[in-house]
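Coordinate inspection notes
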Amino acid sequence: MIFPDAFLPYLEPAVDFPTFLIQLLNGVQYGLLLFLIASGLTLIFGIMGIINLAHGSFYMLGAYLAFSLTEGLGSLWLALPAGIVLSVLFGLALEWLVIQRLYARDHLYQVLLTYGLILVFEELRSILWGDDVHGVKVPELLAASISLTDNLNYPVYRLAMSGVCLVLALGLWWVLRRTKLGMIIRAGSVNRDMVQSLGIDITLIYRIVFAAGLALAAFAGMLAAPTSSVFPGMGNQVLIICFVVVVIGGIGSVQGAMIGAILIGLVDTFGKVLTLEVAGFQLLPQLSGVTVYLMMAVILLWRPEGLFGSRGR
Amino acid sequence: MPNDMQNDKKGAKRRELIKAAGAAGLLAAGGGLTNLSLAQSAKVKVGLMLPYTGTFAQLGVAIANGFKLAISEQGKTLAGREVEYVTLDDESDPPKGADRANQLVTRDKVDLLVGTVHSGVQMGIVKIVRESGVLHIIPNAGVEAATGQLCAPNIFRSSFANGQPAYPMGKVVADRGLKNVVTLAWRYGAGEESVAGFKDSFLKGGGKIVKELWLPFPNVEFQSLLTEIASLKPDAVFVFFAGGGAAKFLTDWKAAGLKGRIPLFGTGFLTEGVLEAVGDAAEGIETTLHYGDGIDTPKNRAFRLAYAKAFKLQPDVYAVQGYDAGLLFAAGMKAVKGDISKKKEIIAAMRAATIDSPRGKVTMSKSQNPIQDMYLRKVVGQENRVTGVAMKALDYPPSGTCKMPA
């Protein structure tokens, strides 16, 4: 078969090898950051089964906390632990006040309530902090950057963030898969009543899990604040992609979320910079905005339960 | 005669009515409700459809403040008529734009509709004002179609068209002998029209676009694109970002070590309202816009003082746009001595007006978009300091797409 030249896929090999490696690094690094942001959602949505649309708001809360606490305490190192304590307390209170009413109800109530929370948090943010854009200084220790090529540097802070993501992922996996607490949490996600009747205070366990999920999201916001700046609506930007991470990975799976996040990071990175033409139509980077969602569609067609999701849930 | 009888009865009724009305009027006067009905018919109703909540809340407030300042400077009344404001929060929510504009036009019956910031919402307003013919001033949204394909005699703009602030930058970059340029922007209306405006004058000046880079709005993951720029090694980069995205971009640009190695240019929105957030990452960056810090004219000084006094806030470019919307409307009202029913004459006067704006002289183009000076600005500390005029009296984009119905 002979096709006219124009109908063959054409992938521009414009990138040289070092640039390709750097882009690979960018993709993995972005993926790790996505995992960090989505990790809290893995707990709340993936394990507890609560569709939490307010997850982005928790991320924003963390960023604003980092801004205020860094101003107040003088450094991000002090702001981080203080912010974590505050967000855990906030998470416990929020679970007691509203979220615990959702466990027995169906998903529509969860969507309505947590959507309402987005609006409440946005207004509170506007009242407490105003609508300005703020910045958080990168800590002195990590402010350096490594020179990669003659004109491109890589900030050390981004590499440190990746390190934190890896540690966090391992920690999460270990708690959920290798400890008794993790076993109870997983059991509770399958059958709440059974766990309860075995004499375990599942209400308390869930309160802790929710608070931990919220704190993880806030922690991600705090870590990201120096690189992303702090601004109204920043939570909504990350919300959708977090759900994509968890859904691709498979609900309830930490490994899945990690693999999903890195896949998204790579697809998004190369989708933006590669040029792909098929039959004379430019597909990339024209369609770079939807590559991630296309990938999700393909993965879900192939494995409806996600990459690491268990069948029959 | 039966006919006479009827007339008599009617006459009697009429007289009774007049009496009753007179009595009611006296009663009302006694009760402190003086001239209620008279005053209402004499008031001019201005609808302010702006974002008062959400990301653009500050812009909405600044525009409303500016507009009210301009009107209050006309004296107690506007050409003999009091001004009544009807405010409506548009929440920057495009799907509801048309409905909300319709509410102001049909329910509140506003004489002038001022709004808005978000271009998507603007398209909804434009639809309604085109259908109803209500007088309309756009105080920010830059969507070019509003004064392009969709232009209409009753639609004016006091701000800018998206390509307008970008167009002069193309010339500035070309004049400096920077030949190979990469553009980078969000792929949505404002981003695309800005890049098109820049390219227009840059290509005319002999420049070459090495590559156009885009990312979906409002994505802020710039790292892969910065890597791409570093490997392309262009003479300069032109970008369009605003708000939080702009702050993140400037921070990432510096962290990637590109600041100081590759000259960065943009429209003024890149460095408006983010200087405190980004620290020294913006220092020295040059942008073009229709306003800036340190425009040393008596008008600008007086405006800044009056605004600061009235609202305990420093005015910004959005406040200026709102202020000029007020001046533009005032010019129309003066020409008809406050008779709002003479819409044709008001429109003619607004078309012909020369606004003494804090930014300099502003007139209306054929498509009723501002003809204005575009300033070159440079970030110095916490200021977007004006360093010169990039283009005088710029009329852009060309009004060719606007077929104004007579």
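Residues numbered from 1 in each chain as written. Chains lettered and ligands numbered in written order. Predicted model: local features only at pLDDT ≥ 70, side-chain atom pairs only at ≥ 80, totals over all residues. Heavy atoms only, no water.

Brief notes about helix α8 (residues 202-228) of chain A
Residues and elements named next belong to chain A. The end-to-end C-alpha distance of α8 is 37 Å, a good match for the 39 Å that 27 residues give at a rise of 1.5 Å each. At M222, α8 shows its maximal kink, close to 25°; a proline, P226, follows between one and four residues later. The buried fraction of α8 amounts to 23 of the 27 residues, a majority that puts the element mostly inside the structure. Among the residues trailing α8, S229 stands out with phi positive, at a value near 60°. (Helix = DSSP H or I, 4+ residues; strand = E, 2+ residues; numbered from the N terminus. Expected span 1.5 Å × (residues − 1). Bend = angle between axes of the 7 residues up to and from the residue. Buried < 20%, exposed > 50% of the residue type's maximum accessible area, 1.4 Å probe, protein only.)

A look at unusual backbone geometry
All names here are of chain B. Between G115 and T116 the backbone carries a cis peptide bond, its omega angle lying at 5°. By the element assignment, T116 lies in the loop between β3 (112-114) and α5 (119-132). Of note, the amide linkage connecting Y396 to P397 takes the cis form, showing an omega dihedral of -5°. The topology assignment puts P397 in the segment after β14 (383-394). Non-glycine residue E91 carries a positive phi angle of around 55°. Inspection of the secondary structure puts E91 in the loop between β2 (83-89) and α4 (97-107). On the basis of relative accessibility, which here comes to 40%, the residue E91 falls in the partly exposed class. The phi dihedral of K233 falls on the positive side, at around 50°, and the residue is not glycine.

Focus: the sheet that holds β3 of chain B
All names here are of chain B. Taken in spatial order, the 5 strands make up an open sheet running β2-β1-β3-β4-β5, and their pairing is parallel. The open sheet terminates on both sides in strands that have one partner only, identified here as β2 and β5 (155-157). Ignoring strand direction, the axes of neighbouring strands in this sheet form an average angle of 20°. Direction of pairing for strand β4 (residues 135-138) relative to β5: parallel, over a ladder of 3 bridges. Considered in β5, the bridge of H136 is made with I155. Contacts from α5 reach β1 (44-50), β3, β4 and β5 within the one sheet, and its direction differs from that of β4 by about 160°. Of the strands in this sheet, β1, β3, β4 and β5 are in contact with helix α12 (residues 317-335), which crosses β4 at around 155°. (Pairing = 2+ DSSP bridges. Axes fitted to C-alpha atoms, helices over the stretch in contact; angles between N-to-C directions. Contact = heavy atoms within 4.5 Å.)

Details of the domain arrangement of chain B
Residue and element names in this part refer to chain B. Here chain B is described as being made up of domain 1 (41-160 + 296-364) and domain 2 (167-289). The distance between the C-alpha centroids of domain 1 and domain 2 comes to 31 Å. If you look at the interface, domain 1 gives 6 residues, while domain 2 gives 4 residues. Both sides of the domain 1 and domain 2 interface together cover about 420 Å² of buried area, and 61% of this is carbon and sulfur. Of all residues in domain 1, the largest losses of buried area upon contact with domain 2 belong to E144, V317 and Y318, amounting jointly to 67% of the total for that side. Summed over the shared surface of domain 1 and domain 2, the result is 0 salt bridges. One can count 1 residue pair in polar contact (both at pLDDT 80 or more) joining domain 1 with domain 2. Of the residues contributing to the side of domain 1 that touches domain 2, the split by class is 4 nonpolar, 1 polar and 1 charged. (Domains from an automatic or database assignment. Buried area = accessible area lost by both parts, 1.4 Å probe. Salt bridge = Lys/Arg side-chain N within 4 Å of Asp/Glu carboxyl O. Polar contact = N/O pair within 3.5 Å; in protein donor to acceptor, adjacent residues only side chain to side chain. Nonpolar A, V, L, I, M, F, W, Y, C, P; charged D, E, K, R; others polar.)

Re the state of the cysteines
Disulfide: a covalent bond formed between the sulfur atoms of two cysteine residues. Within this structure, the stated rule accounts for 1 disulfide over all chains. In this model C151 of chain B forms its disulfide with C402 of chain B; the gap between the sulfur atoms is 2.1 Å. Classification of the bridge connecting C151 of chain B and C402 of chain B rests on its S-S torsion, roughly 85°, and on that basis the disulfide is right-handed. Of this pair, C151 of chain B sits in the loop between β4 and β5 while C402 of chain B sits in the segment after β14, and the two are 251 residues apart along the sequence. Just so you know, C165 of chain A is unpaired, no disulfide at all, and the nearest cysteine sulfur is the one on C242 of chain A, 12 Å from it. Judged by relative accessible area, which is 1%, C165 of chain A ranks as buried. (Disulfide = S-S within 2.5 Å.)

A word on a nonpolar patch on the surface
Residue and element names in this part refer to chain A. Where nonpolar side chains cluster on the molecular surface, the patch consists of I240, F281, L283, L287, V290, Y293 and L294 and spans about 630 Å² of accessible area. Taken together, the elements giving at least two residues each to the nonpolar patch come down to β5 (281-284) and α11 (291-302). Within the secondary structure layout, L287 lies in the loop between β5 and α11. Note on L287: relative accessible area 39%, which makes it partly exposed. (Patch = residues over 30% accessible without salt bridge, like charges linked within 9 Å, V, L, I, M, F, W, Y side chains within 5 Å. Areas by Shrake-Rupley, 256 points an atom, 1.4 Å probe, with all protein chains shown as cover.)

Looking at the interface of chain A and chain B
Contact with chain A, which involves 37 residues of that partner, is made by 38 residues of chain B. When chain A packs against chain B, the two sides together hide about 3,100 Å² of surface, and 48% of this comes from carbon and sulfur. It is V133, N151 and K272 of chain A that lose the most area in chain A upon contact with chain B, and together they represent 21% of the buried surface on that side. In this structure, the connection of chain A to chain B is made through 3 salt bridges. Among the ionic pairs, K233 of chain B bridges to D150 of chain A, the shortest N-O distance being 3.5 Å. Counting the contacts that link chain A with chain B gives 10 residue pairs in polar contact (both at pLDDT 80 or more). Contributing elements (two or more residues each) for the side of chain A that touches chain B: α1 (17-47), β3 (153-155), α8 and α10 (254-273) of chain A. Element by element, the count of residues in the side of chain A that touches chain B is highest for α1 of chain A, at 6 residues. The class makeup of the residues in the side of chain A that touches chain B is 13 nonpolar, 17 polar and 7 charged.

Quick word on the confidence of the model for chain A
All names here are of chain A. Per-residue pLDDT for chain A averages 87, and the proportion of residues at 70 or more is 94%. No element of chain A has a lower mean pLDDT than strand β1 (residues 10-11), which averages 53, and none a higher one than helix α3 (residues 76-97), which averages 95. Below a pLDDT of 50 lies the segment residues 1-8, which in the model reaches 6 contacts outside its immediate sequence neighbourhood of four places, other chains included. (pLDDT = per-residue confidence, 0-100.)

Some details on helix α3 (residues 57-72) of chain B
All names here are of chain B. With 16 residues, α3 should reach 22 Å at 1.5 Å per residue; the first-to-last C-alpha distance of 22 Å fits that figure. Here α3 has its buried residues at A57, L59, G60, A62, I63, A64, N65, G66, F67, L69, A70 and I71. Buried residues along α3 sit in contact with β1, β2, β3, α11 (298-311) and α12.

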